[in-house]
Amino acid sequence: MSGIEAMAIRTERLELVPVRVEDAEEMARVLGDPALHTYIGGAPESVEQLRSRYERWCAGSPDPMVTWLNWVIRLRSDGRLAGTVQATIGPDGDDVVAEVAWVVGTPWQGQGIATEAAGALVEWLAEQPVHEIVAHIHPDHAASAAVAAAAGLTPTDRWQDGERRWRRSIGR
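About the thresholds
Residues numbered from 1 in each chain as written. Predicted model: local features only at pLDDT ≥ 70, side-chain atom pairs only at ≥ 80, totals over all residues. Heavy atoms only, no water. Helix = DSSP H or I, 4+ residues; strand = E, 2+ residues; numbered from the N terminus. Rg over C-alpha atoms; globule rule 2.2 N^0.38 Å. Buried < 20%, exposed > 50% of the residue type's maximum accessible area, 1.4 Å probe, protein only. Contact = heavy atoms within 4.5 Å. Areas by Shrake-Rupley, 256 points an atom, 1.4 Å probe, with all protein chains shown as cover. Lys, Arg positive; Asp, Glu negative; His and termini not counted. Charge placed at Lys NZ, Arg CZ, Asp CG, Glu CD. Core = buried A, V, L, I, M, F, W, Y, C linked by side-chain atoms within 4.5 Å. Expected span 1.5 Å × (residues − 1). Pairing = 2+ DSSP bridges. Axes fitted to C-alpha atoms, helices over the stretch in contact; angles between N-to-C directions.

Undergrad: Talk me through the overall build of the protein; I want residue IDs and the actual numbers.
TA: For the protein, the count of helices and strands is 4 helices and 8 strands. Secondary structure elements of the protein, listed N to C terminal, follow the sequence β-β-α-α-β-β-β-α-β-α-β-β. Its C-alpha atoms give the protein a radius of gyration of 15 Å, near enough to 16 Å, the size a compact globule of 172 residues would have. Projected onto its principal axes, the C-alpha positions of the protein cover 40 × 35 × 35 Å. Considering the protein as a whole, with its 172 residues, one finds that 43% of them fall into the buried category. A separation of at least 24 residues holds for 63% of the contacts in the protein among residues at least 6 apart in sequence. Accessible surface, the protein as shown: approximately 8900 Å² in total, 48% of it carbon and sulfur. If the 16 positive side-chain charges of the protein are averaged to one point and the 25 negative ones to another, these points end up 3 Å apart.

Okay, structure coming up:
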């Protein structure tokens, strides 16, 4: 639908690289802390489960009106993976909306990595043919709310599955 494809996005400390199935083994370690699921639910996935998920992501959305874009966060200093960012792009009435999400492994939290990665993703999306960028954030997840605010999203009065919708309008 959107014609947008994931491409590498570089920041001062990070490189957002389109996810590959081969990333599953390292990412299983990065995302292995059960505490990461406090606000999003579920439990850490095994290498096999992540490999299956990444295969689906790489194959693309089965809905031709929706585009899945997924990146791993690679530290430029040592090449290690530290988390993921993603955008799901699809129609919302006459507009095209990108819904974003991010997760950074526990050892890398508190270093501004989520803020840098999400900010770079949002800025890249603002250059694409989208009208709005949104994220859904648990009301008790102050760190994620701070990341969203730093990326230029603002909270709205809309809720979905117990999470507040944050948004940034892209003037087009």
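Undergrad: Explain the nonpolar core to me, and be specific about the residues and the numbers.
TA: Counting 52 residues, the largest nonpolar core has Leu-16, Trp-71, Trp-102 and Leu-125 as its most contacted members. With 10 residues, the single largest contributor to this core is helix α3 (residues 113–126).

Undergrad: An account of unusual backbone geometry is needed here, citing residue identities and associated values.
TA: Its identity as a non-glycine residue notwithstanding, Asp-161 has a phi of 50°, on the positive side. Relative to the helices and strands, Asp-161 is located in the loop between β7 (154–160) and β8 (163–169).

Undergrad: Give me α3: which residues, what numbers.
TA: An ideal rise of 1.5 Å per residue puts 20 Å on 14 residues; α3 measures up with 20 Å between its terminal C-alpha atoms. What α3 keeps buried is the set Ile-113, Ala-114, Glu-116, Ala-117, Ala-118, Gly-119, Ala-120, Leu-121, Val-122, Trp-124, Leu-125 and Ala-126.

Undergrad: Would you mind going over the pairing of β7 in detail, with residue names and values included?
TA: Regular strands place their side chains on alternate faces of the sheet. In terms of strand pairing, β7 meets β8 through 4 bridges, oriented antiparallel. Looking across to β8, one finds that Trp-159 is bridged to Arg-164. What sits between the antiparallel neighbours β7 and β8 is a turn of 2 residues, in which Asp-161 has the positive phi angle 50°.

Undergrad: With reference to specific residues and values, describe the environment of Ala-59.
TA: Along the chain, the position of Ala-59 falls in helix α2 (residues 47–59). Exposure remark for Ala-59: the relative accessible area of 67% places this residue in the exposed category.

Undergrad: Describe the sheet that holds strand β1 (residues 9–10), and please don't skip the residues or the numbers.
TA: Spatially, 8 strands are ordered β1-β2-β3-β4-β5-β6-β8-β7 in an open sheet, and the strand pairing comes out mixed. One side of each edge strand has no neighbouring strand; the edge strands of this open sheet are β1 and β7. Direction of pairing for β1 relative to strand β2 (residues 14–18): antiparallel, over a ladder of 2 bridges. The residue bridging Ile-9 from the neighbouring strand is Leu-16, located in β2. Sitting on the sheet, α3 touches β1, β2, β3 (67–75), β4 (81–92), β5 (95–104), β6 (132–137) and β8, and the angle it makes with β5 is about 165°.

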